[in-house]
Amino acid sequence: SPFESISGNYPSHNIDYTPMLWGRNSSEEEVRQFLDNSPNTKYLLGFNEPTHLHQANMTPQEAASLWPILEGIADDYNLKLVSPAVGNSSLYRAWDYLDAFFEACTDCRVDYIAVHKYGKDTENFKTFIRESYQYGKPVWVTEYAGAGGYNGSGWPNTADDHIEFLANTTRWLESEVNVYRYSWFVGRSGIGINNWPYNSLLGEDGATTALGELYFSI
């Protein structure tokens, strides 16, 4: 759910807030309460990185067993359903996870596939996103950036490196007909744009950074 300080503001800016059932302990009641007060909501996001130990951390079978809760919410509020957001981790490869999820959830309704991808290799990024098309559904890239994983070795070394990565990947995403939505990570970090890994779209004062100006222009 949105922070209280912005919950009344984002609709006036024509921003579409999409709620998420984050993991096994997320409150169905809170999601329904939000939807009761947000009649223009169109989508519901599934579990956040169940592939990762320090995120939702759910087996594919557990995610499948809980999926009817999301379907019930989506049916009651006429929402489209977005799959669990997967990425590669030390526990699972993304596609192994989704394969097992769909095998355990043969009758489940999933309207979109959600993926996360980090790392500064642009071609590897494109390959990963293209692989997500195998499920025959439009794709949401709900998190991506050059920063991430590999103990820092896979991260951009300078602000210019991250600007170049953002430019190449975002323009490519715009050209991909199978990509329905995408979202850079992060909007504003706690470490500032002038500090590594230089991935903030907004500065501490809320003004757009050079990275943000480029992202919004694309």
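The shown structure was predicted, so the numbers you read here are calculated from the model rather than taken from an experiment.

Reading the values: the criteria
- Residues numbered from 1 in each chain as written.
- Predicted model: local features only at pLDDT ≥ 70, side-chain atom pairs only at ≥ 80, totals over all residues.
- Heavy atoms only, no water.
- Helix = DSSP H or I, 4+ residues; strand = E, 2+ residues; numbered from the N terminus.
- Contact = heavy atoms within 4.5 Å.
- Polar contact = N/O pair within 3.5 Å; in protein donor to acceptor, adjacent residues only side chain to side chain.
- Phe/Tyr/Trp six-rings, centres within 6.5 Å; stacked < 30°, edge-to-face > 60°.
- Buried < 20%, exposed > 50% of the residue type's maximum accessible area, 1.4 Å probe, protein only.
- Lys NZ or Arg CZ within 6 Å of the ring centre and 35° of its normal.
- Pairing = 2+ DSSP bridges.
- Axes fitted to C-alpha atoms, helices over the stretch in contact; angles between N-to-C directions.

### Considering the environment of Asn 88
Relative to the helices and strands, Asn 88 is located in the loop between β2 (80-82) and α3 (94-104). Spatially, the C-alpha atoms of Asn 88 and Ser 26 are 23 Å apart, while their sequence positions differ by 62 residues. Dropping the residues within four chain positions of it, Asn 88 is found in contact with His 52, Arg 93, Ala 94 and Phe 128. Here Ala 94 takes part through its backbone nitrogen, which lies 2.8 Å from a polar atom of the side chain of Asn 88.

### Description of unusual backbone geometry
Cis geometry marks the peptide bond from Trp 196 to Pro 197, where omega comes out at 15°. Here Pro 197 is to be found in the loop between β5 (179-184) and α6 (210-217). Its identity is not glycine, yet Glu 49 carries a phi of approximately 50°, on the positive side. With respect to the helices, strands and loops of the structure, Glu 49 is situated in the loop between β1 (43-45) and α2 (60-77). For Tyr 198, which is not glycine, the phi torsion reads 60° and is therefore positive.

### Focus on the packing of aromatic side chains
All chains considered together, the criterion is met by 24 aromatic pairs. Judged by centre distance (6.2 Å) and plane angle (50°), the ring pair of Trp 95 and Tyr 135 falls under tilted. With Trp 95 in helix α3 and Tyr 135 in the loop between α4 (122-131) and β4 (139-145), the pair connects residues that are 40 residues apart, well separated along the chain. For Trp 95, a relative accessible area of 12% corresponds to the buried category. Here a set of aromatic residues connected by ring pairs shows up, and it is made of Phe 125, Tyr 144, Phe 165, Trp 172, Tyr 182, Trp 184, Tyr 215 and Phe 216. Sitting over the ring of Phe 128, Lys 117 keeps its end group 5.1 Å from the ring centre.

### Observations concerning the sheet that holds β4
In spatial order, the strands read β3-β4-β5; together these three strands make up an open sheet with parallel pairing. In the strand order of this sheet, the two ends are held by β3 (113-118) and β5, each with one partner. Averaged over all pairs of adjacent strands, the angle between their axes in this sheet comes to 20°, without regard to strand direction. Bridge count between β3 and β4: six bridges; the pairing is parallel. Bridge pairing in β4 links Tyr 118 to Ala 145. Set on the sheet, α4 makes contact with β3, β4 and β5; between it and β3 the angle comes to about 165°.

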